[in-house]
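Next come the chains, spelled out residue by residue.
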Amino acid sequence: MISIPAVTKESVIKILEEIAVLLELSGENPFKSRAYQNAARNLEKLDKDLLSLVAENKLAEVEGIGEAINKKVTELVQTGKLEYYEALKAAIPQGHLEMLKIPGLGPKKIHALFTQLGIKTIGELEYACHENRLVELKGFGKKTQDNILAGIEKLKLYKERRLYAEVEVSAQILLNSLQENENVIRVSIAGSLRRCTETVKDIDIVASSANPAALADYFTGLPLIAAVSGKGTTKVSVTLQSGINADLRIVHDAEFPHALLHFTGSKEHNTALRGRAKNMGLKINEYGLWKAEKNIVCRSEEEIFFHLGLKFIPPELREDMGEIAAAEKGSLPVLVEEKDIRGLFHIHTNFSDGAESLEGMVQAAKKMGYQYIGISDHSQSAYYAGGLKKEDIEKQHKLIAELNKKHTPFYIFRGIESDILPDGNLDYDDKILAGFDFVIAAIHGNFNMSETEMTGRIKNALQNPYTTMLAHPTGRLLLAREPYLVNIMEIIDTAAQYGKIIELNANPHRLDLDWRNCIYAKKKGVKISINPDAHHAAGLADINWGVKIARKGWLEKTDCINCLSREEVKEYLSRKF
Ligand code: DGT
Ligand code: CA
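Residues numbered from 1 in each chain as written. Chains lettered and ligands numbered in written order. Predicted model: local features only at pLDDT ≥ 70, side-chain atom pairs only at ≥ 80, totals over all residues. Heavy atoms only, no water.

Visitor: What is the right way to look at the domain arrangement of the protein chain in this model?
Guide: You'll often see interface size given as the accessible area lost when the parts meet. Taken as a whole, the protein chain is organised into domain 1 (1-92), domain 2 (104-158), domain 3 (160-251), domain 4 (262-332) and domain 5 (338-573). Placing a centre on the C-alpha atoms of domain 2 and another on those of domain 3 gives a separation of 38 Å. (Domains from an automatic or database assignment.)

So, in structure tokens, the structure goes:
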């Protein structure tokens, strides 16, 4: 019997989207590519089972699925393969697929570079830029050439780092395996991962052991590990199958707290601690703490901080951003925890580009123990994401009223993620805006503005009486897209002046508002909403990454709007109009 690989709706959508890009890369008629994008979007919204539709030969009845695409999806579902896709992929130079990762370089431009200059790899492209070949090229110019060069530089930098969420999962697996081993006395994650930075270079682990050689053998033999680049009794360096590098430091148990403090960092925090120790007549390093050559025994990090006259500083705060002064005064924040979160705003449903029904999202949030959610599908200008028209809003509000009755005391707030138009206006007239419990204002297009223009545009939106909060304030996609030009301090000041909330988008690709600016927002009294921006039920769990970054941004539960109870949120939102 031939076994057919399992095909899911998600994998079909992904392949259709890839075909759309491959068609553009091969210079095909743009309509053809758009047809595949449309089909993918319509399948995303489909609330029927795709595999049954194919089995019943009813797929062509779905909007946006023409005869050609029907045939291809059917082939894919029935055989687990698609000849057309395989052939397209094989015909595209590998380098063109890699070039797609250069910020600001799309498939159309890559095709043009190929036909006009024969460029097949990033290296050739970089060379062509240095030779100024793009300046005179149709559709390019000096500015585009500069942007592409800057993009290549970013890509090189991006390659060295990974998203926190991606690395954390592997690190936990390593940690669990080490905790199980009899040669380990104490073990902890260290480095940027322990400090919860939004991107990390590698995994740092510190362990104490009475038998370092046996521990090194055990570690290098773990199934996750693909290659060993260094193996001694104090340090083992490996590369995981996913390409992530990991360092394990092995120390005597008496050194453990000192090594952990040192390898947690940050470097700046360590330097500041060392300076403080020196002023107190102490010496500190990764092996211990001394006063006039006499070793001071510390069994934990708490005890090291104690001898330095400091309260314990949570690892997230160790960035030399004022934490040492606060620890001295005893004024460190009581950081927000995931259990403090009472409800979630910024949730999409299949009314716009979400994959789940409204009730599906309600059930998922209830199961996670939340008291309420705030639904915010896209607004009308976001046609690419199925933005809501007036009739859709009425329909959604009717459904919310029914579900609120059915699921009492759980509560659904009626919201919208309104595009901020280029002039700073929201995407509906005041009469429609007045019908929502909350409005999230968001930039989704027209990114290429000057800093003054973009800042003015967002400030306009914040001054709108119907705006409740600002979504992903810089628009960055970590390691993929730089933020648009915006004066974030001015935005925070304006939010403070008009009593508006700023989102901390919890999607691990965004984590925007940046934690460094959370510190400033808190100082200004601006409330933060930690929002999952979920497009499917599993996306609600992204709240976890948002809480980590909120902690790193010094936020306490009183700073976060979604730590309020259902009744408090009702009261808060009703005050606004
Ligand atoms: P990453 O890996 O770039 O995401 O960030 P970290 O902080 O994990 O950096 P990494 O892996 O180079 O080093 C881990 C820790 O070791 C770092 O946070 C502090 C400590 N460390 C490393 N190099 C130095 C140094 O030159 N001076 C001091 N004081 N500490 C250092
Ligand atoms: Ca590191």
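Visitor: Explain the sheet that holds strand β8 (residues 282-285) to me, please; I cannot follow it from the model alone.
Guide: Two pairing modes exist for strands in a sheet, parallel and antiparallel, and in both the strands are linked by backbone hydrogen bonds. Taken together, three strands build an open sheet; the order of strands is β8-β9-β10 and the sheet is antiparallel. On the outer flanks of this sheet lie β8 and β10 (294-295), each paired with one strand and no other. Two strands pair when backbone bridges link them, and strand β9 (residues 288-291) and β10 are joined in this way by two bridges, in the antiparallel orientation. Directly across from Trp290, in β10, lies its bridge partner Asn295. (Pairing = 2+ DSSP bridges. Helix = DSSP H or I, 4+ residues; strand = E, 2+ residues; numbered from the N terminus.)

Visitor: For this particular structure, what's the right way to read the side chain of His407?
Guide: Considering the arrangement of structural elements, one finds His407 in the loop between α18 (390-406) and β13 (411-419). Under the relative-accessibility criterion, His407 is labelled buried at 7%. In terms of polar contacts, His407 uses its side chain to reach the side chain of Lys366, at 2.9 Å. If we ignore the near neighbours within four places in the chain, the residues touching His407 are Glu359, Val362, Gln363 and Lys366. (Buried < 20%, exposed > 50% of the residue type's maximum accessible area, 1.4 Å probe, protein only. Polar contact = N/O pair within 3.5 Å; in protein donor to acceptor, adjacent residues only side chain to side chain. Contact = heavy atoms within 4.5 Å.)

Visitor: I keep staring at the packing of helix α1 (residues 9-25) against helix α2 (residues 30-45) and nothing clicks. Help me out?
Guide: Relative orientation and spacing of two packed helices are given, respectively, by the angle between their axes and the distance between those axes. Direction vectors running N to C along α1 and α2 enclose 165°, while the axes themselves pass 8 Å from each other. Classed by the angle they form, the pair α1 and α2 counts as roughly antiparallel. For α1 against α2, the interelement crossing comes out left-handed. Across from Lys9, Val12, Ile13, Leu16, Glu17, Ile19, Ala20, Leu23 and Glu24 in α1, the residues of α2 making contact are Lys32, Ser33, Tyr36, Gln37, Ala39, Ala40, Leu43 and Glu44. For the contact of α1 with α2, the class distribution of residues is 10 nonpolar, two polar and five charged. (Axes fitted to C-alpha atoms, helices over the stretch in contact; angles between N-to-C directions. Parallel < 35°, antiparallel > 145°, perpendicular 65-115°, else oblique. Left-handed = near helix turned anticlockwise from the far one by under 90°. Nonpolar A, V, L, I, M, F, W, Y, C, P; charged D, E, K, R; others polar.)

Visitor: Is there a simple way to think about empty space enclosed by the protein in this case?
Guide: A probe matching the size of a water molecule, rolled over the atoms, marks out where space remains unfilled. Applying the stated criterion to the full structure yields two cavities of 30 Å³ or more. Space inside the largest cavity adds up to approximately 90 Å³. Contributing to the lining of the largest cavity are His258, Leu261, His262, Asn270, Leu273, Arg274, Ile284, Asn285 and Glu286. Elements with a minimum of two residues in the lining of the largest cavity: α13 (256-264), α14 (267-279) and β8. Taken as a whole, the second largest cavity spans an internal volume of roughly 30 Å³. If you trace the second largest cavity, you find it lined by Phe345, Thr468, Met469, Ile501, Ile561, Val569, Tyr572 and Leu573. If one sorts the elements of the lining of the second largest cavity by residue count, helix α24 (residues 566-574) sits on top with three residues. (1 Å grid on protein atoms, 1.4 Å probe; cavity = no way out; pocket = protein on both sides within 12 Å on 5 of 7 lines; lining within 4 Å. Points joined across faces, edges and corners; volume = space filled by probe spheres on them.)

Visitor: Honestly, the coordination of the calcium ion (ligand 2) in this entry has me stumped. Any pointers?
Guide: Of the protein atoms, only Asp202 (OD) and Asp204 (OD) coordinate the calcium ion (ligand 2), at distances of 2.2 Å. For the residue pair Asp202 and Asp204, the accessibility class agrees, reading buried in each case. (Donors = N, O, S within 2.8 Å, 3.2 Å for Na, K, Ca; no water.)

Visitor: I tried to follow the site of ligand 1 on my own but got confused; where do I start?
Guide: Near ligand 1 lie 16 residues; those nearest to it are Arg161, Ser192, Arg195, Lys201 and Asp202. In this structure, an oxygen atom belonging to ligand 1 sits 2.9 Å away from a side-chain N or O atom of Arg161. Here an oxygen atom of ligand 1 sits 3.5 Å away from a polar atom, N or O, in the main chain of Thr264. Contributions of two or more residues to the shell around ligand 1 are made by α11 (191-195), α13 and α14. In terms of residue class, the shell around ligand 1 is built from two nonpolar, seven polar and seven charged. Each of domain 3 (160-251) and domain 4 (262-332) accounts for three or more of the residues forming the shell around ligand 1. (Near = heavy atom within 4 Å.)

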